[in-house]
Amino acid sequence: MKKGFASRHPLMQTVFFISCISVTMFIMHPCFLLISFVISAVSVFMTCGGKKLLSALKLDLVSSALIMLINPLISHAGVTALAYFPDGNPLTLESIIFGAAAALLMSSAVNWFFCVSVIMTSDRIIYLFGRIAPGLALLISMTLSFVGKLSAHYKSIRAVQLVNGEKKSGLLYRLRASVRMISSLIQWALENSVDTADSMKSRGYGTGRRTSYHNFRIRTADVILTVFFLLTDAVIIAANASELIWFSYYPITSVSVDSLQAAGVFVLFGLMCLVPAADDIREAVKWKHISSGI
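The structure presented is a predicted model; accordingly, all values stated were derived computationally and were not measured.

S.K.: Honestly, the pairing of strand β1 (residues 81-84) in this entry has me stumped. Any pointers?
M.R.: Working note: regular strand, side chains alternate between the two faces of the sheet. For β1 and strand β2 (residues 90-92), the ladder comprises three bridges, and the chain directions are antiparallel. Bridge pairing links A81 to T92 in β2. Where β1 hands over to β2, the hairpin turn is made up of five residues, of which G88 adopts a positive phi near 95°.

S.K.: I would appreciate a short explanation of a nonpolar patch on the surface in the present structure.
M.R.: A cluster of nonpolar residues, L34, V38, V42, F45, M46, I281 and V285, forms a patch on the protein surface that exposes about 590 Å² of accessible area. Elements that contribute at least two residues to the nonpolar patch include exactly α2 (30-48) and α10 (275-292). Among the elements that take part in the nonpolar patch, α2 stands out by supplying five residues, more than any other. Along the polypeptide, L34 turns up in helix α2.

S.K.: What's the story with the packing of helix α1 (residues 10-27) against helix α5 (residues 122-129) in this structure? I'm lost.
M.R.: Relative placement of two packed helices is described by the angle separating their axes and the distance separating the axes. Across the interface, α1 lies against α5 with an axial gap of 10 Å and an inter-helix angle of 95°. For the element pair α1 / α5, the angle class is roughly perpendicular. Every residue of α5 that contacts α1 at P10, L11, Q13 and T14 is listed here: R124, Y127 and L128. For the contact of α1 with α5, a count of residues per class yields four nonpolar, two polar and one charged.

S.K.: I would appreciate a short explanation of the nonpolar core in the present structure.
M.R.: When a protein is soluble and globular, its nonpolar side chains tend to lie buried together. If you look at the biggest cluster of nonpolar residues, it comprises 44 residues, and the most contacted ones within it are F16, F17, F32 and F229. Residue assignment for this core shows that the elements contributing at least two residues are α1, α2, α3 (50-74), α4 (93-119), α8 (220-241) and α9 (260-273). In terms of residue count, α4 provides more of this core than any other element does, nine residues in total. Look past the residues within four positions of F32 in its chain and what remains in contact with it is V23, I27, I236, I245, V265, F266 and F269.

S.K.: Even after reading the chapter, I still don't get the side chain of N111, so can you show me in this structure?
M.R.: One can find N111 in helix α4. With residues near it in sequence (within four places) discarded, N111 still touches F37, S40, A41, V44, A56 and D60.

Analysis parameters
Residues numbered from 1 in each chain as written. Predicted model: local features only at pLDDT ≥ 70, side-chain atom pairs only at ≥ 80, totals over all residues. Heavy atoms only, no water. Pairing = 2+ DSSP bridges. Helix = DSSP H or I, 4+ residues; strand = E, 2+ residues; numbered from the N terminus. Patch = residues over 30% accessible without salt bridge, like charges linked within 9 Å, V, L, I, M, F, W, Y side chains within 5 Å. Areas by Shrake-Rupley, 256 points an atom, 1.4 Å probe, with all protein chains shown as cover. Salt bridge = Lys/Arg side-chain N within 4 Å of Asp/Glu carboxyl O. Axes fitted to C-alpha atoms, helices over the stretch in contact; angles between N-to-C directions. Parallel < 35°, antiparallel > 145°, perpendicular 65-115°, else oblique. Contact = heavy atoms within 4.5 Å. Nonpolar A, V, L, I, M, F, W, Y, C, P; charged D, E, K, R; others polar. Core = buried A, V, L, I, M, F, W, Y, C linked by side-chain atoms within 4.5 Å. Buried < 20%, exposed > 50% of the residue type's maximum accessible area, 1.4 Å probe, protein only.

It is worth stressing that arrangement in space is one thing and function is another; only the former is reported here.
Take a look at the structure:
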């Protein structure tokens, strides 16, 4: 049974994820990026567990290393030259800092999408978009469910190969084994798609108006939190437009956080990001208190 933030209304959850991810990706202020990364990692742990957090952090590490390595090689903007490449282009401090900021952005987005994949289930997506765009809602729902099936089938194929003793080393052998696994996986995916299409056709999909059942009820807390998210978005947009939280990466890295109003905006964003973790902690404490009284 879902509890905490995962049991909230889908509309409120959608507003939350759109707000956090949009602020992280489009404003790209260093303070926002750091807050978003730390709290998103906590949210992954609270929502998905320790194993998912380790997977997310591994993906964060790989993507961050690539971004921080590639950005100084392709971007030479900035005025603080640290060294020069053989072709004469400078290695600038600003390009390194921007690469670190882009790495934080990517890592934060990955963490939030880990939470989205667990919380925003297919029934919630169909509930939100089923009447507006039923075809799109069904496509998104099937795609999300298919990713999990694909991953599980890949693990099954890999396990069978290991059981059959295919543990030889060597780059060429591992490459051939990977090609065989991918070929088998693609074949299974195509067969599964055909079976799904035949099943939907035999059940009369598309012959009449589609109906669906849902048990989502919007509560007062959902309305309050949704209004809080929207007000927070409005405050952040206004602060960014008025240059209250001014920053720049090029040509000189400069960040303005020298006012109480700017600090208040960062705190407000942090409180918004903390809602899922706080909701899960509140629910855990509540159930622990109830169970201790039994």
